[in-house]
Amino acid sequence: MDFSLSKAAQGRIAMARMAAESLMRPISRQYDEEEHTDPWDFFNTMWEASKANAEATSLGGKKSGDKKVSENTLLACMQIEELAWGDAGLYLSIPNPGLGGAAVQAVGTPEQKQRFLGSFYKGKPKWGAMAITEPHFGSDSKQVATTAVREGDEWVLNGTKIFCTAGHRALNESDGFVVVWATLDRSKGRAAIKSFIVPAGTPGVTVTRLEDKMGIRASDTVTITLDNARIPADNILGTAEIVEKGSTGSFGGVMATFDSTRPIVAASGIGVARAALEVLTQVLAEQGIAIRYEAGPSEQTVLEREVMNMEAQLQAARLLTWKACNMMDRGQRNSREASMAKAKAGTVVTRVTQKCVELAGALGYSRKMMLEKWMRDAKITDIYEGTQQINQLIIARSILGYSSGELN
Amino acid sequence: MDFSLSKAAQGRIAMARMAAESLMRPISRQYDEEEHTDPWDFFNTMWEASKANAEATSLGGKKSGDKKVSENTLLACMQIEELAWGDAGLYLSIPNPGLGGAAVQAVGTPEQKQRFLGSFYKGKPKWGAMAITEPHFGSDSKQVATTAVREGDEWVLNGTKIFCTAGHRALNESDGFVVVWATLDRSKGRAAIKSFIVPAGTPGVTVTRLEDKMGIRASDTVTITLDNARIPADNILGTAEIVEKGSTGSFGGVMATFDSTRPIVAASGIGVARAALEVLTQVLAEQGIAIRYEAGPSEQTVLEREVMNMEAQLQAARLLTWKACNMMDRGQRNSREASMAKAKAGTVVTRVTQKCVELAGALGYSRKMMLEKWMRDAKITDIYEGTQQINQLIIARSILGYSSGELN
Amino acid sequence: MIDFEFDEEQQLIRETVTSFAAERVRPAAREADETATVAESLVDAAWELGLIQGSVPEAYGGYASQAPSAVTGALIAEGLAEGDLAIALHLLSPRLVVDPVLVLGTEQQKQDLLPAYLGERFVPGSAAVLEPHINFHFTRMRTTARRDGGGWVLDGDKCMVPLAKAAPWIVVYAADDSGALAAFVVPSGTPGLEIGEREKMLGLHALELYSIALRGCRVPDSARLPGDAAKLLRRARVAQSAMAVGVAKATLDYAIGYAKERDVFGVKVGQKQAIAFMLADMATETDAARLLNWEAAWNLDQGNEAAREVALAHRYCADMVMTVTDNGLQVLGGHGFIRDHPSEMWVRNGRGFATFEGIASI
Amino acid sequence: MIDFEFDEEQQLIRETVTSFAAERVRPAAREADETATVAESLVDAAWELGLIQGSVPEAYGGYASQAPSAVTGALIAEGLAEGDLAIALHLLSPRLVVDPVLVLGTEQQKQDLLPAYLGERFVPGSAAVLEPHINFHFTRMRTTARRDGGGWVLDGDKCMVPLAKAAPWIVVYAADDSGALAAFVVPSGTPGLEIGEREKMLGLHALELYSIALRGCRVPDSARLPGDAAKLLRRARVAQSAMAVGVAKATLDYAIGYAKERDVFGVKVGQKQAIAFMLADMATETDAARLLNWEAAWNLDQGNEAAREVALAHRYCADMVMTVTDNGLQVLGGHGFIRDHPSEMWVRNGRGFATFEGIASI
């Protein structure tokens with residue numbers, strides 16, 4: 001058991017922190033106010049950095065193969081906490097393969113990985129995205145109604161996808177791609193749901209709506225309409241057979257990517273909440289208020305206790321997140337822990353940011369400070385990549401030993 | 001809209017408060033420690049008082065027929081808050097017709113009311129009780145498996161009832177009665193569930209177990225076994241026909257008695273929690289700590305805020321309870337409000353009494369003070385007469401307009 | 001005796017306000033939020049309801065038969081806020097001057113100030129209470145009122161001052177030389193009263209809010225309302241708390257509607273216990289908060305100081321509305337985060353209730 | 001690097017303790033609670049596990065190879081408390097003397113006191129920390145230690161002193177003349193050390209607890225442990241918090257078992273979202289609290305003061321265990337209120353964690 005940060009972790013955090021401070025914070029308010037505009041300077045800078053990083057990695061410069069236990073997932077979470085500390089909307093807008101890339105990485109063939117990820121960091125900034133949700137369902141993803149029909153060497157996709165993060169930038173602003181969930185046969189349920197890589201420029205694929213949101217406004221969230229969109233036959237992720245659940249490439253396989261993305265979402269929320277708590281305690285310090293951690297209830301002020309509670313809750317969420325990462329890095333099954341991290345962080349970051357706004361009084365409520373923005377940004381943590389309720393279901397099924405049929 | 005106490009309310013509260021202070025508090029700890037013993041002096045005193053009161057009422061001395069709006073339910077709640085403030089276990093042990101009597105009052109024929117309630121307050125102390133729950137079900141009362149079969153001029157009852165409050169005193173310590181829920185035909189569901197008045201001394205009726213409980217230890221909670229227990233045919237409450245729900249005497253009719261008993265349970269819990277909060281604030285006052293209600297979070301101590309929160313929560317629960325009573329007294333349907341009062345009070349009194357123990361430190365945890373007892377007594381509020389979860393279901397069905405089939 | 005039934009007048013006012021809120025205010029709410037304006041036509045229509053005029057006695061141009069009631073004020077505040085909080089605050093802003101003058105003012109002050117608010121058309125009122133620092137509390141203002149000859153000199157900074165540009169008078173709250181809370185009616189254009197930029201906030205986008213600076217702002221002795229200003233701010237807290245209940249009620253009903261429409265796992269969202277119980281809890285808490293606040297209002301109407309009751313209700317309502325609006329958004333899942341639905345706006349507006357001080361009055 | 005995996009020794013200790021708790025402690029728990037005793041045979045069996053001996057270096061008669069670890073102590077405390085809290089506190093009571101002496105004592109004190117605890121059989125230890133007043137906080141004791149010639153005079157009242165009658169030494173915590181927290185090893189029978197009646201509490205029935213009075217109780221200078229006594233009480237907080245996690249874990253598992261067995265509305269109780277989500281939350285909070293407390297323990301093992309980390313974890317665990325045990329009872333409905341099931345006992349024991357101070361040590 002070890003609670004110290006490795007050198008690698010310290011380095012990753014420092015790098016991300018630098019980007020957050022120098023590139024994200026200065027433009028954070030602007031791109032919140034100017035919804036649906038693109039911070040190209042930021043994109044380009046991040047893109048060049050990622051490019052350099054990708055080249056270094058491919059040259060073997062950053063291998064960590066000599067370590068007993070990997071900390072790749074952990075490092076990713078730590079990095080993302082820092083970036084979201086900078087700005088959660090901008091973090092989600094960084095040109096990268098995103099959730100679509102994660103799916104390709106998780107269940108794609110070597111050829112697909114090469115084709116879509118191998119040369120991703122070439123040329124101009126690009127985005128990958130994932131399209132699951134549809135207008136008639138949110139959490140119940142086996143309800144996918146978008147269809148994929150095989151015609152010759154192509155798949156023909158039809159349907160409407162909503163709440164696709166970075167879909168606009170993936171399809172309209174770059175040569176990116178979107179991974180689209182579609183069913184081969186609605187009567188066959190989960191087993192028939194497959195994911196398909198839809199590249200930018202595919203005819204019949206249109207971004208039909210840009211959502212106006214409460215927070216994370218720098219990030220685009222779009223509706224995508226697929227109207228006889230044709231993609232090559234080998235753009236399907238996994239097998240086209242309708243197989244039993246649990247197999248690679250099936251619904252279960254794709255769902256498993258949530259085990260890595262949920263801790264990441266948790267970490268991003270924690271970054272936002274930490275930003276808020278830091279600013280609050282800084283303002284308090286300026287007023288000469290220090291937190292007396294070892295004071296009793298008849299001495300400690302409400303303010304001190306609230307700050308203390310927030311620090312404990314935030315650290316609890318962070319440790320659950322790190323635990324889920326640590327398990328993944330050790331190759332252990334972590335669905336329960338990933339959902340615990342996500343559910344806990346969703347609640348905590350929502351409450352912490354709301355409480356910081358409250359405790360900062362009129363300053364907290366004003367757009368002169370960033371607290372109100374962070375409250376708006378934090379709330380999405382409890383919603384996307386599985387709402388609080390979905391994650392509670394997953395945890396409950398796991399501890400009770402119930403199937404999704406027994407508990408839903 | 002009026003938040004003032006009527007003269008009648010003030011009188012009722014003062015009377016109950018006197019009994020609570022002079023008769024209950026002095027023996028409260030003793031009958032908590034000496035579980036399964038009977039405070040006969042207390043029983044006799046209360047019985048004589050009730051007798052006198054019953055005679056006065058029957059002579060018309062206490063009629064309130066000249067008032068526009070009745071406050072009978074409200075007065076009952078206020079009285080019970082005071083009695084439970086004295087001791088919740090002793091309050092439940094007061095010889096009276098109890099929940100069994102409430103059922104007779106609600107759905108009995110005039111003849112039954114006369115027979116079981118008309119001369120109730122004659123002779124020695126008596127108790128009435130209600131037996132619903134069975135070993136295999138708690139909240140889902142349509143699962144009643146105790147059977148009632150008509151044989152000639154009698155009903156023959158068979159089954160086991162658990163968690164019957166005052167059942168021991170009703171059957172073994174007095175000439176009381178227990179109202180037993182039984183089914184005429186299990187295959188017919190709710191509509192076949194009837195309630196039957198089982199008098200003390202009925203052969204085949206045995207108290208087979210006295211429960212050891214966390215709190216309200218002065219009150220007996222028993223298991224009753226019915227082994228070919230025969231009662232007169234006219235001891236059935238309501239009709240013996242298996243009719244549609246909603247009719248008088250049917251399951252729905254009996255369930256409706258909860259609309260009056262739930263606010264009463266809420267009130268009793270509020271009495272316990274108020275006792276705890278009063279003692280805590282008194283101890284604080286002795287230490288020179290006054291609550292600064294209008295202080296801000298950087299001035300107010302945690303202790304002050306906790307007390308303030310508890311006072312607000314308790315008063316909120318009390319007002320919901322009074323609202324449910326007021327509606328009943330006005331003849332309005334109050335199922336939703338009765339469940340709101342019960343659910344809210346269940347949570348609040350549990351938390352308030354637990355918090356009082358905490359804030360009083362080692363004193364609170366010790367049996368030298370009463371706080372720890374009140375914490376044990378309060379918890380039952382959230383359990384009996386429908387758990388928190390059952391009341392949430394009722395509220396949710398009401399606001400969503402769902403049937404019990406649509407939401408369960 | 002304890003009774004929760006409305007009397008006829010209360011019933012009438014409630015119905016009037018509720019239907020106006022449903023028919024006129026709610027449909028205008030999102031556009032008002034996005035454009036940061038309240039439409040003139042809406043203001044005119046609301047004026048016709050006589051919500052301000054009805055609280056002022058006939059002697060000063062209104063048509064009230066008695067002193068303004070905090071309970072009635074709470075009914076109006078809740079009803080309008082159920083339509084939209086920012087619009088409600090705008091429409092009721094005249095009370096920010098009318099109510100202090102009626103409750104704290106001298107006969108002369110009433111005659112001088114009230115008739116201006118009771119004409120054919122809406123005249124905005126304003127109050128400067130909040131200050132832009134983290135330890136603000138209404139009992140300890142940093143803004144000072146210094147005795148100077150026959151008048152007072154006001155100094156300090158205020159924020160979230162509603163309609164400060166358009167209002168002919170702003171009631172400024174400050175601590176006097178003895179530290180006591182005092183209220184001053186300051187006419188617009190008074191030298192030393194500097195109205196800053198319009199403020200942008202988390203919520204209340206439609207309401208014009210300004211920071212103001214008081215720099216040696218000199219007012220005559222007659223500007224001071226002689227009554228107990230803390231009493232006024234307690235009344236304001238009751239009005240605000242009633243608005244919190246209105247916002248919670250709006251949220252609850254919208255979430256119920258959504259939960260009954262939306263499918264999940266083969267049933268409606270509302271048929272899932274997790275959501276159903278959340279809604280049940282929202283309903284219970286909204287009712288509980290309303291009752292607690294009514295009791296505080298009733299206490300004020302009885303002439304009681306009610307410092308404790310108001311503090312309890314204020315705190316309860318502020319916490320309640322945050323929880324309820326947050327849960328109301330959560331019921332909608334991803335849709336709750338999108339500005340097509342009002343839920344996120346109610347969260348943003350709801351978050352302010354622990355902060356708002358004196359921006360509503362009864 | 002951040003890693004949550006146990007090392008081999010930790011794994012071994014955990015398995016040993018957990019199985020002992022399941023096989024020996026839990027089955028004895030209810031009877032111990034009702035009869036207010038811990039069976040001798042159980043104490044003897046636990047002594048064989050070497051949980052105390054393993055924390056003392058060989059030089060003093062134990063077989064530890066290193067300084068006592070707060071992380072290892074937390075594993076032991078959690079494991080035993082999962083069996084039963086009162087019994088766990090009894091079994092680990094020697095540490096109330098051993099740990100302070102090891103951490104705060106001089107070489108001479110270690111040699112004088114430790115071997116007595118490392119014999120063939122269990123020797124009870126005791127510590128006097130809590131005081132019977134409402135504003136107790138370990139940083140501000142009312143019990144005083146006054147310099148007097150070459151020794152100290154102790155005065156004050158203590159409560160919840162475990163095994164005070166049987167323990168050969170009680171470590172008494174008091175504020176010295178400078179107000180600093182100090183620890184004194186007081187032998188039983190010292191004049192002025194008056195042991196009162198056995199105390200009855202809400203929970204912990206099986207643990208012998210006493211009030212004690214110190215009335216001019218004179219001890220030599222060598223009785224004072226020279227190290228930072230606050231450090232010790234922070235270690236105690238970590239041990240207590242670990243026990244809170246153990247109680248929560250016991251509650252959770254029992255409630256899960258019940259929820260999977262019990263029918264309601266045609267399914268199992270656990271298939272209802274309201275109960276299932278409550279259990280999910282209990283599981284998450286138990287895990288979260290454990291991690292937070294481990295981090296605090298780890299910080300202590302690094303030699304850090306960790307005042308903040310310990311305070312955060314202590315508060316978190318105390319709140320967590322109350323919520324979890326209360327919900328654990330609620331899952332059982334009426335059955336939870338009956339003493340046939342352990343749930344109500346866990347609530348009574350769980351409620352104490354915000355109060356307990358120094359009755360466990362690592």
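Scope of this entry: the structure provided in the associated data block. The structure displayed is predicted, hence computed values, not measured ones.

Rules used in this analysis
- Residues numbered from 1 in each chain as written.
- Chains lettered and ligands numbered in written order.
- Predicted model: local features only at pLDDT ≥ 70, side-chain atom pairs only at ≥ 80, totals over all residues.
- Heavy atoms only, no water.
- Contact = heavy atoms within 4.5 Å.
- Buried area = accessible area lost by both parts, 1.4 Å probe.
- Salt bridge = Lys/Arg side-chain N within 4 Å of Asp/Glu carboxyl O.
- Polar contact = N/O pair within 3.5 Å; in protein donor to acceptor, adjacent residues only side chain to side chain.
- Helix = DSSP H or I, 4+ residues; strand = E, 2+ residues; numbered from the N terminus.
- Nonpolar A, V, L, I, M, F, W, Y, C, P; charged D, E, K, R; others polar.
- Core = buried A, V, L, I, M, F, W, Y, C linked by side-chain atoms within 4.5 Å.
- Buried < 20%, exposed > 50% of the residue type's maximum accessible area, 1.4 Å probe, protein only.
- Phe/Tyr/Trp six-rings, centres within 6.5 Å; stacked < 30°, edge-to-face > 60°.
- Lys NZ or Arg CZ within 6 Å of the ring centre and 35° of its normal.

1. So, the interface of chain A and chain D
Then step 1. At the junction of the two partners, chain A supplies 46 residues and chain D supplies 42 residues.
Then step 2. Summing both sides of the interface, chain A and chain D together bury roughly 4,300 Å²; the carbon and sulfur share of this comes to 63%.
Then step 3. Counting the surface chain A buries against chain D, the share from its top three residues, A:Met1, A:Phe3 and A:Glu294, is 21%.
Then step 4. The interface formed by chain A and chain D contains six salt bridges.
Then step 5. A salt bridge links A:Glu311 to D:Arg308; the shortest N-O distance between them is 2.9 Å.
Then step 6. The interface formed by chain A and chain D holds 20 residue pairs in polar contact (both at pLDDT 80 or more) in total.
Then step 7. Taken together, the elements giving at least two residues each to the side of chain A that touches chain D come down to helix H3 (72-86), helix H10 (302-329), helix H11 (335-359) and helix H14 (388-400) of chain A.
Then step 8. The element best represented in the side of chain A that touches chain D is H10(A), accounting for 13 residues.
Then step 9. Classifying every residue of the side of chain A that touches chain D by side-chain character gives 22 nonpolar, 14 polar and 10 charged.

2. What to know about the nonpolar core
Then step 1. Grouped together as the largest cluster of nonpolar side chains are 490 residues, with contacts concentrated most on C:Tyr173, C:Leu204, C:Leu279, D:Tyr173, D:Leu204 and D:Leu279.
Then step 2. Among all residues touching C:Leu204, those that are not within four sequence positions of it are A:Tyr365, C:Leu85, C:Ala86, C:Leu89, C:Met160, C:Leu209, C:Asn349, C:Phe356 and C:Ile359.

3. A few points about the interface of chain A and chain C
Then step 1. Opposite the 51 residues of chain A that make contact, chain C presents 46 residues.
Then step 2. In total, chain A and chain C occlude about 3,900 Å² of area from one another, counting both sides; carbon and sulfur atoms represent 59% of this.
Then step 3. Inspection of the region where chain A meets chain C yields seven salt bridges.
Then step 4. When the shortest N-O distance is used, the salt bridge between C:Asp326 and A:Lys379 registers 2.9 Å.
Then step 5. When contributions to the side of chain A that touches chain C are tallied by element, the ones reaching two or more residues are strand S3 (154-165), helix H9 (258-286), H11, helix H12 (361-365), helix H13 (371-378) and H14 of chain A.
Then step 6. When residues in the side of chain A that touches chain C are grouped by element, the largest group, six residues, is from H11(A).

4. Side note on the packing of aromatic side chains
Then step 1. Summed over the entire model, instances satisfying the criterion amount to 38 aromatic pairs over all chains.
Then step 2. Measuring from ring centre to ring centre gives 5.9 Å for A:Phe3 and D:Trp298, while their planes differ by 55°; the resulting arrangement is tilted. With one member in each of two chains, A:Phe3 in the segment before helix H1 (7-33) and D:Trp298 in helix H8 (residues 273-301) form a pair that bridges those chains.
Then step 3. Ring centres of D:Tyr117 and D:Trp169 lie 5.9 Å apart, and the angle between their planes is 45°; on these two criteria the pair is classed as tilted. Taken together, the positions of D:Tyr117 in the loop between helix H6 (107-113) and strand S1 (126-128) and D:Trp169 in strand S4 (residues 169-176) put the pair 52 residues apart, joining distant regions of the chain. Like D:Trp169, D:Tyr117 is buried.
Then step 4. Site record: aromatic cluster; members linked through ring pairs are A:Trp47, A:Phe116, A:Phe120, A:Tyr121 and A:Phe177.
Then step 5. Of note, A:Arg25 hangs over the ring of A:Trp85, and the distance from its end group to the ring centre comes to 3.8 Å.
Then step 6. The ring of B:Tyr402 carries C:Lys260 above its face, with NZ or CZ at 5.7 Å from the centroid.

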